[in-house]
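# Per-entry structural report
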Amino acid sequence: MKRHFFKVLSLLLFCATVLQLNAQIAFSMDDEKANQNTPEGWKPVELPQGLPEFTAANTFDITAAPFNASTSSEDNTAAIQAALDAAANAGGGMVVIPAGTFLSNSLQMGSKTVLHLCKGATLKMKAFDTFPTDDNGYRMMESPFISGKKNASDIVIEGESRTSSIIDGQGGPWWDQVEEAKAVKKSTKRHAMIRFWQGSRYLFRNFCVQNAPNTNITIGRSGKGGHATAHSINIKNPASTADDPSHNTDGFPIWTQYVNIYDCDIDTGDDNVVCDNDAQYVHVWNCKLWAGHGASLGSFTKNMHDIIYEDLTLDGTDCGFRLKSNRDRSGDVYNIIFRNCTMTNVPSPFVITSWYDKIPENPISKILSPDELIETTPRFRDVLIQNVKVSGHTTYKSSPKNYYGIFIYGRPESKIKDITFDNVQITHSKGIKMNFCEGITFRNNCSYEVKNTNKTAKNGYATKKKLDDVIEEKVDASYNWGK
């Protein structure tokens with residue numbers, strides 16, 4: 001009788017806990033469609049569809065029976081995965097990570113599943129020394145920390161706080177291993193913290209990703225995994241210039257079509273946001289970029305077009321807007337917009353280069369012996385840079401690759417074409433380098449001031465000064481310094 005009483009009591013307590021938990025977690029997508037901000041002429045990004053109503057029957061707390069995850073456990077992988085499987089098998093459901101720190105290895109989500117991190121919850125990747133080693137003795141990750149099962153679609157990862165709902169990769173030892181391996185010209189195997197690519201319609205919102213061994217939230221692969229939305233997310237990793245830097249910790253690498261990213265703070269060791277092969281109809285807006293390599297495209301730039309970065313604040317990034325590739329990994333890149341942005345203390349505000357790995361020491365030599373034009377030669381065209389103000393960088397650097405206010409370097413066999421600067425004001429420690437480009441247009445009150453020499457160029461003002469005064473190198477390049 002006692003045993004039966006306690007069994008019933010335990011069941012009632014469990015049900016009460018689930019009901020209370022379910023009452024506290026209000027899931028809604030009402031604001032998502034209204035905030036999409038779809039550019040004119042583009043197809044809207046599709047949001048997760050067909051999610052069930054979340055009730056006690058399909059809401060699964062990882063600490064409750066039969067999962068029994070615990071903050072004291074060194075490995076909750078099986079428990080959390082069982083909860084995710086239960087949600088998928090229910091035809092869709094919510095898996096709840098309550099407050100506390102839970103260690104886990106790689107996890108896979110099924111269709112129509114929501115992974116919810118409560119305020120104060122940390123989902124932490126297991127320690128570096130628990131991972132297997134490769135033939136060279138290096139630790140390796142065999143899959144992303146969080147990914148989808150085959151063709152899994154309509155997935156949400158969300159938190160209650162972008163500062164205290166945390167996904168942590170314990171990346172420090174992984175970054176140290178990268179340095180160790182590079183010293184002997186070896187490579188290591190790491191994966192993203194979050195990556196989905198086999199299905200479509202993903203939503204990431206209101207949490208923090210930090211200490212990623214490799215990239216943070218990688219969207220798509222080979223053009224698959226499209227229709228993704230990410231907003232209200234903090235990304236935090238040590239800068240590449242820090243005493244203990246992170247390596248390859250791109251904030252949002254994008255390899256597919258139809259992506260919205262907005263209202264995010266990204267402070268990291270590589271590109272803050274970057275579009276790579278197959279990135280199309282990508283819209284990034286209202287984000288703050290701190291340490292990192294800026295708003296980038298490339299170096300893999302096949303099948304890339306229709307990308308908009310706007311309303312960004314860049315403070316202390318290495319680069320601002322950067323489009324880069326090589327002749328072995330590119331193609332036709334066009335319809336790119338970077339507008340309504342401010343940059344402060346950015347050493348390389350605008351970089352567009354077809355020579356990502358090795359810039360020619362003597363551009364004249366390339367005119368005499370240009371490379372063969374092949375399918376993967378970079379062909380960059382139709383880029384609009386509009387309503388941008390650059391200030392704050394005053395330290396003179398002599399590197400030929402970096403630290404120019406504007407750096408455009410095409411190829412004699414494939415010039416960079418039709419780049420428009422519209423209402424762009426630049427104050428910088430160095431001038432401009434333009435090689436192998438044509439149709440570079442400056443219009444509508446553009447200005448350029450070189451702080452170390454007091455040289456200036458202005459158009460559209462009462463006093464008009466020529467751009468030639470601030471150009472430090474120009475080889476086979478033409479431009480229009482219009483009003």
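So, here is what we can say about the structure in this document. As the structure is a computational prediction, the values presented were derived from the model and not from experiment. (Residues numbered from 1 in each chain as written. Predicted model: local features only at pLDDT ≥ 70, side-chain atom pairs only at ≥ 80, totals over all residues. Heavy atoms only, no water.)

When its secondary structure is counted, the protein shows 5 helices and 32 strands. Here the protein has a C-alpha radius of gyration of 25 Å; the compact-globule value for 483 residues is 23 Å, and the two agree. Taken along its principal axes, the extent of the C-alpha atoms in the protein is 95 × 50 × 40 Å. For the protein, buried positions account for 55% of its 483 residues. Considering only contacts in the protein between residues 6 or more positions apart, those separated by 24 or more positions represent 72%. (Helix = DSSP H or I, 4+ residues; strand = E, 2+ residues; numbered from the N terminus. Rg over C-alpha atoms; globule rule 2.2 N^0.38 Å. Buried < 20%, exposed > 50% of the residue type's maximum accessible area, 1.4 Å probe, protein only. Contact = heavy atoms within 4.5 Å.)

Applying the stated criterion across every chain yields a total of 20 aromatic pairs. Geometrically, the ring pair formed by Phe-131 and Trp-174 is edge-to-face, given 5.2 Å between the ring centres and 80° between the ring planes. Of the two residues, Phe-131 is situated in the loop between strand E6 (121-125) and strand E7 (146-148) and Trp-174 in helix H4 (residues 172-183); the sequence distance between them amounts to 43 residues. An identical accessibility class is assigned to Phe-131 and Trp-174; each is buried. With a centroid separation of 4.6 Å and an interplanar angle of 10°, the aromatic rings of Tyr-262 and Trp-285 are classed as stacked. Of this pair, Tyr-262 sits in strand E15 (residues 257-262) while Trp-285 sits in strand E18 (residues 280-285), placing them 23 residues apart in sequence. (Phe/Tyr/Trp six-rings, centres within 6.5 Å; stacked < 30°, edge-to-face > 60°.)

A word on the pattern of salt bridges. According to the stated counting rule, one finds 22 salt bridges in the structure shown. As a salt-bridge pair, Asp-271 and Lys-324 come within 3.1 Å of each other at their nearest N and O atoms. In this pair, Asp-271 sits in the loop between strand E16 (265-267) and strand E17 (273-275) while Lys-324 sits in strand E23 (residues 319-324), placing the two residues 53 residues apart along the sequence. Judged by its relative accessible area of 3%, Asp-271 falls in the buried class. When its relative accessible area of 1% is taken as the criterion, Lys-324 is described as buried. (Salt bridge = Lys/Arg side-chain N within 4 Å of Asp/Glu carboxyl O.)

The values are spatial; any link to function lies outside them.
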